[in-house]
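Remarks on the overall topology
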Amino acid sequence: MKRYNLLIVLLLLIFNVTTAQKKGSPAADFSTIGEAKSKIENTVPLVIKALQEISNKEGDPNILSNGKTALAKEYGKIELEWRLYRGNMNNCILNNSSKKAKKCMEYHNNMFRDTMINYNNYITNLTKKNGYLGVEGDTKFDFKPTEVSTKLSEAYFNGGDAAGRMKLGQKKEFLGQATADDNALKPFNQLAQ
C-alpha cells in the first residue's frame, strides 16, 4: 500500500513541475518591463533629432529649445506614471485575492496605457514636418502604446500567477524585480544629450 502512495506523490510532483514549466519562468515574465522602458526612452533622442532638423531647416533655434522644454515636461509625466504603475501593479498582486488583483491590475494597466497614448500623440505631433499638424513627418517610433500595454499586462498577470505559488518573502523578492532601479526610466537630461 505504501508503494502506491509514493507513486501517487511522485506523479503529482511531476505534474506540478510540468504545469509550472508551461506557465513560463518568473524571471522571463518581467523582461517585458525592460523592453517597455527601452521603447519609452528611445523616443527622446528621436524627437530631439527631429526638432533639430526642423530648427535647422527653419533657421530658428527656438524651435529646438522650446521643443526640448515641452518634451521634458511630457517625458516627466510618463516617468512619474511609470514609477507609480510598477508600484501599483505590485501592490495589486501582494495585497489582493486573485480575483481582486486582476481587476486592480486591469485598472492600473488601462491608466498607464492612456498615459502612453497621450505621450505618443504628443511626440508624433511634435515631430511633424515644419511643426504643422496633419503633415506626415519622417520620424518613425518603435513605440506602440497599445502593444506595449498588452505585453506589460500579460507579464504582470503571469507574474501574479507565479507569485501566487510563492510564500510572502519570496513573493516580495520576486515582485521587487519589477520595481528595481534598473527598470526606472532614465532622467530626461541623460537621454537628451
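Our structure's up above, just so we're on the same page.
A brief report on the enclosed structure follows.

Conventions we followed
Residues numbered from 1 in each chain as written. Predicted model: local features only at pLDDT ≥ 70, side-chain atom pairs only at ≥ 80, totals over all residues. Heavy atoms only, no water. Disulfide = S-S within 2.5 Å. Helix = DSSP H or I, 4+ residues; strand = E, 2+ residues; numbered from the N terminus. Buried < 20%, exposed > 50% of the residue type's maximum accessible area, 1.4 Å probe, protein only. Salt bridge = Lys/Arg side-chain N within 4 Å of Asp/Glu carboxyl O. Axes fitted to C-alpha atoms, helices over the stretch in contact; angles between N-to-C directions. Parallel < 35°, antiparallel > 145°, perpendicular 65-115°, else oblique. Left-handed = near helix turned anticlockwise from the far one by under 90°. Contact = heavy atoms within 4.5 Å.

Counted according to the given criterion, the structure contains one disulfide. Disulfide partner of C92: C104, at an S-S distance of 1.8 Å. Residues C92 and C104 are joined by a disulfide whose S-S torsion is about -60 degrees; by sign, that bridge is left-handed. In this pair, C92 is assigned in helix α4 (residues 61-95) and C104 in helix α5 (residues 98-126), connecting sequence segments 12 residues apart. Side by side, C92 and C104 carry an identical accessibility label, which is buried.

Counted according to the given criterion, the structure contains six salt bridges. K37 serves as the salt-bridge partner of E41, at 2.8 Å between the closest nitrogen and oxygen. Remark: K37 and E41 occur in helix α3 (residues 31-58); sequence separation between them is four residues, near one turn of the helix. Taken as a pair, E41 and K37 share a single burial class, namely buried. Residue K77 is joined to E74 by a salt bridge in which the shortest nitrogen-to-oxygen separation is 3.2 Å. Taken as a pair, K77 and E74 lie in helix α4 at a separation of three residues, close to a single helical turn. Taken together, the shared-partner salt bridges in this structure form one network comprising K39, D142, E147 and K151.

Packing of α3 against helix α6 (residues 145-164) brings their axes to within 9 Å, and their N-to-C directions diverge by 155 degrees. One element, α3, and the other, α6, form an angle in the roughly antiparallel class. Considering the relative orientation of α3 and α6, their crossing is left-handed. Facing T32, I33, A36 and K39 of α3, the residues of α6 in contact are E147, V148, K151, L152, A155 and Y156.

That's the geometry; what it means functionally is another story.
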